[in-house]
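Structural features, examined
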Amino acid sequence: MKFRHVAAPAVLAIILLASGLAPAHATDTPMTERNRQFITQAFARWAAGGATFFDDVLARDMVWTIKGTSPMAGRYEGRDAFLAKAVTPFAARLSSPMRPTVKHIWAEDDHVVVHWDGAATAADGQPYRNSYVWIFRMENLRAAEVTAFLDLVPYDDVLRRIPLE
């Protein structure tokens, strides 16, 4: 009878592990935790006023994909190309830097998913607010691939509304 009481939880644990329904801490491998901490700290530095998030996080040869159908959606190959074509033109239209508020961070193995809200003031004084989900695939504590989801309507509105000098 005692065997049955011990065996049932063990069998349940094996079933949960095999089905992928195990508790979240079961997937917290050292790599998972290193990646989660790296991204968490990078967002914390950015939120505190840091200006080197992309240089700190992105591998030089990374690929960044913005999902959607706007002119800014698409695939950017290389950190420098991404910064030149997507980040710098947008940031130049802001009078205050974008500051993230992280809602949640999930990590498993080499992937880290961050849901965050961004807030800034555009150069014309209008507020910019957006919600983002970025999916990072990490290699050696650098993002090798990032897939970004955001509402492209307010993003594109800033680009259209405020000309670069």
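Look above for the structure.
First, a word on what this report is: a plain description of the structure on this page.

Conventions adopted
Residues numbered from 1 in each chain as written. Predicted model: local features only at pLDDT ≥ 70, side-chain atom pairs only at ≥ 80, totals over all residues. Heavy atoms only, no water. Pairing = 2+ DSSP bridges. Helix = DSSP H or I, 4+ residues; strand = E, 2+ residues; numbered from the N terminus. Axes fitted to C-alpha atoms, helices over the stretch in contact; angles between N-to-C directions. Contact = heavy atoms within 4.5 Å. Salt bridge = Lys/Arg side-chain N within 4 Å of Asp/Glu carboxyl O. Buried < 20%, exposed > 50% of the residue type's maximum accessible area, 1.4 Å probe, protein only.

Brief notes about the sheet that holds strand S1 (residues 58-66)
The strands making up a sheet associate through hydrogen bonds between their backbones, and the pairing can be parallel or antiparallel. The mixed open sheet is built from six strands, whose spatial order is S2-S1-S6-S5-S4-S3. The strands lining the two open edges of the sheet, one partner per strand, are strand S2 (74-77) and strand S3 (99-108). Each strand of the sheet is rotated relative to its neighbour by a mean of 20°, with strand direction disregarded. Judged from the eleven bridges that link them, strand S4 (residues 111-121) and strand S5 (residues 127-139) form a sheet pairing that is antiparallel. For Gly118, the partnering residue across the bridge sits in S5 and is Asn130. Each of S1, S2 and S5 touches helix H4 (residues 79-91); the most contacted strand, S1, lies at about 55° to it.

Describing the pattern of salt bridges
Across all of its chains, the model carries ten salt bridges by this definition. With its nearest N and O atoms 3.9 Å apart, the salt bridge here joins Arg45 to Asp56. Here Arg45 is found in helix H2 (residues 30-47), whereas its partner Asp56 is found in helix H3 (residues 53-57), with eleven residues between them in sequence. The class of Arg45 is partly exposed, set by a relative accessible area of 39%. Glu139 serves as the salt-bridge partner of Arg137, at 2.8 Å between the closest nitrogen and oxygen. Judged by its relative accessible area of 41%, Glu139 falls in the partly exposed class. A single salt-bridge network, built from bridges that share partners, covers Asp124, Asp157 and Arg161.

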